[in-house]
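What follows is the residue order along each chain.
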Amino acid sequence: MRRIALLVFVLLLALPAGASAITSRIIGGQPAVQADWAATVALETTYGSQFCGGSLVAPQWVLTAGHCKIYPSGQIRVLAGTTALNDGTGERLVVERQVRHPNYRQVVPGAPRDDLMLVHLATPSIVTPIPLATGTVPPPTGTLLHVAGWGSTTYNAVNDSFGLGSEVLRTVAVRVKPAQQCVDAYGAKAFFPQDMVCASLPHRDACAGDSGGPLVDVPGAGGSLLGVVSWGTGCALARYPGVYSLIVHNRCWVESTINVPGAPSAIAVAQGDGTLAVDWQWTKPCADAPLPTTYRIRVAETGQVIDVGGGERRVVLSGLVNGAGYNVTVAAVNENGESAPVAIAASPGPNFVAEQRGIWTGYRTARIAFTLAPHGAPLQWRAEAGSGLRFSARPWQTVAPSEVPQLLTADLDGLPVGKAVDVRVVATDGVTTTNAERTQLPTPAKPAPITGVHAHGTFDVGRVVRCDLGRWAGTRPFAIERQWLLDGRPIPGAVNQALRLLPEQAGGSIACRVTVSGPGGVTQRTTAPNVVGG
Ligand code: ARG
């Protein structure tokens, strides 16, 4: 076969340039020097049949053409580090997965766009990867570029048949054609100058089996990868230059697929209820970039590592010691590994859990019971009650460190009745404030007499008369005061049930006044006056 190729080559040299009548063309070029094409690899089936080329762009990643996704990963392998397919040299590497460009499509059959695929190897290759070209625009018309592959060395234009591939890697130089020439040849629906170049030189071209192989600026040291062999009509036909899929507009996709993700871009910690809420965001570097599969949250002090799915944006850490400092990091993770972490430090506040709300313990007073979660250092807190911005503080209280949650109570007095009151606990730092618990002290019912206040006995000097309080309805507890009156004025010290009538009271009028105070207010009742007889 090699002898046939050589013979045709010799024939061609004998013919005048551009002699298109011959049925079998040579695609030009020469055997490649291994050192100049060190990162070039062959994709072959596990039976050893080469079907595409590629380039090692990272120790475990090969960049090839999207249309080279023909077989399942288990049925292909990568041959690296050799120019010879069958002399036993080089590394044969297991393929783990094939990641075709998400926008790969063939609008016109045979003319794919975004014709790129990244092949992930099960183990890293020892070969040095080739860097991606750093340019931001397609190479200009006239640029001399180099391509290599094991593809067909002959093409028969008469019956459109491709010759056998080469046992050894071959390389050829081609020149970038004006974009308009490629559009004219292939049509504006097939050739897109932003993503592709077409290139050739007379009788020089890539051909079937070269797909996915490298298009480089300079072979060997200092060279970089500009694109991959993609498609063309026939091979080395004067009117139809070979078409290459450029990397320039897809560098972000390549890089974000083969590298670890960028670090999450934002993070915040909500605190205040004995837990830490960790929030983050991750920004796609480009629309085609794969998303992280996982976010990894680490708590340095506890050694805790929490992995959550790529759709999550928040983790709430609980079981932490209040007042203790924690260093938390968040990293984005994909198949290539873990991003740099974003770090934050925070300290959870006291845990305030209202267990009871608005329990009246007296007139306008209430008791709030709440729980403090375990805390590391002695914790000072005070209760505050109010609404909106107006809070009145109660004295500071100290609680010793504890392992178990403990129930504490705060007595609040002077509370408004029948209005919403916010009750909260503030820690010593003044910054850590618990959730304000809104509580509505129920509107208490004002004391109201059921049976009426009643004074009885014989209202004569020297006799003892009595004042019954009667029965009262309304919200308890009640504070009840009794006061005997002489001519409407309180008799000092006369607050007991019984009253002995004195001589100097003769002729005066005696009454009993009862004052009942409760959460709902104060009600007073006075008995009808009785004139003291002699
Ligand atoms: N699509 C071909 C392959 O699968 C490569 C085409 C390149 N053709 C060309 N004339 N340059 O190998």
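Residues numbered from 1 in each chain as written. Predicted model: local features only at pLDDT ≥ 70, side-chain atom pairs only at ≥ 80, totals over all residues. Heavy atoms only, no water.

### Looking at the sheet that holds strand β10 (residues 117–121)
Working step 1: Here six strands make up a closed barrel; going around it, the order is β3-β4-β5-β10-β7-β6 and the pairing antiparallel. Strand-to-strand twist in this sheet, taken as the mean axis angle between neighbours without regard to direction, amounts to 40°.
Working step 2: Of the strands in this sheet, β4 (50–58), β5 (61–64), β7 (91–100) and β10 touch helix α3 (residues 251–258), which is tilted by about 15° from β10. (Pairing = 2+ DSSP bridges. Helix = DSSP H or I, 4+ residues; strand = E, 2+ residues; numbered from the N terminus. Axes fitted to C-alpha atoms, helices over the stretch in contact; angles between N-to-C directions. Contact = heavy atoms within 4.5 Å.)

### Overview of the state of the cysteines
Working step 1: Summed over the entire model, instances satisfying the criterion amount to five disulfides.
Working step 2: Residue pairing for C252: its cysteine sulfur links by disulfide to C286, the two sulfurs lying 2.0 Å apart. Classification of the bridge connecting C252 and C286 rests on its S-S torsion, roughly -95°, and on that basis the disulfide is left-handed. Here C252, found in helix α3, pairs with C286, found in the loop between β20 (276–281) and β21 (294–299); they are 34 residues apart in sequence, far enough to count as distant.
Working step 3: On the basis of relative accessible area, C252 is assigned to the partly exposed category, the value being 25%. (Disulfide = S-S within 2.5 Å. Buried < 20%, exposed > 50% of the residue type's maximum accessible area, 1.4 Å probe, protein only.)

### Details of the site of the ligand
Working step 1: Around the ligand sit 15 residues in total, of which H67, D205, G209, S211 and G234 are the nearest.
Working step 2: In this structure, a nitrogen atom belonging to the ligand sits 3.1 Å away from a main-chain N or O atom of A206.
Working step 3: For the ligand, an oxygen atom lies 3.4 Å from a polar atom in the backbone of D210.
Working step 4: Surface burial for the ligand is 86%, taken as the share of its 350 Å² of free accessible area covered by protein chains.
Working step 5: Given that more than half its atoms are within 2 Å of the pocket grid, the ligand belongs to the second largest pocket.
Working step 6: The element best represented in the shell around the ligand is strand β17 (residues 225–231), accounting for three residues.
Working step 7: Here the residues of the shell around the ligand sort into six nonpolar, seven polar and two charged. (Near = heavy atom within 4 Å. Polar contact = N/O pair within 3.5 Å; in protein donor to acceptor, adjacent residues only side chain to side chain. Areas by Shrake-Rupley, 256 points an atom, 1.4 Å probe, with all protein chains shown as cover. 1 Å grid on protein atoms, 1.4 Å probe; cavity = no way out; pocket = protein on both sides within 12 Å on 5 of 7 lines; lining within 4 Å. Sits in = over half its atoms within 2 Å of the grid points. Nonpolar A, V, L, I, M, F, W, Y, C, P; charged D, E, K, R; others polar.)

### Considering the layout of surface pockets
Working step 1: Volume-wise, the second largest pocket comes out at about 250 Å³.
Working step 2: Lining the second largest pocket are 20 residues, with C207, A208, S230, W231 and G232 sitting closest to its centre.
Working step 3: Those elements that place two or more of their residues in the lining of the second largest pocket are β17 and β18 (242–246).
Working step 4: Among the residues making up the lining of the second largest pocket, the classes are represented as ten nonpolar, nine polar and one charged. (Points joined across faces, edges and corners; volume = space filled by probe spheres on them.)

### Focus on the pairing of strand β24 (residues 326–334)
Working step 1: Buried residues dominate β24, accounting for seven of its nine residues.
Working step 2: By the bridge criterion, six bridges tie β21 to β24 in an arrangement that is antiparallel. Residue pairing in the sheet places R296 in a bridge with A331 of β24.
Working step 3: Note that β24 and strand β26 (residues 342–346) share five bridges and pair antiparallel. Looking across to β26, one finds that N327 is bridged to A345.
Working step 4: Across two bridges, the pairing between β24 and strand β25 (residues 337–338) is antiparallel. Bridge assignment links V333 to a residue of β25, and that residue is E338.
Working step 5: Once β24 ends, the chain turns through two residues before running back antiparallel as β25.

All we've got here are geometric facts, nothing functional implied.
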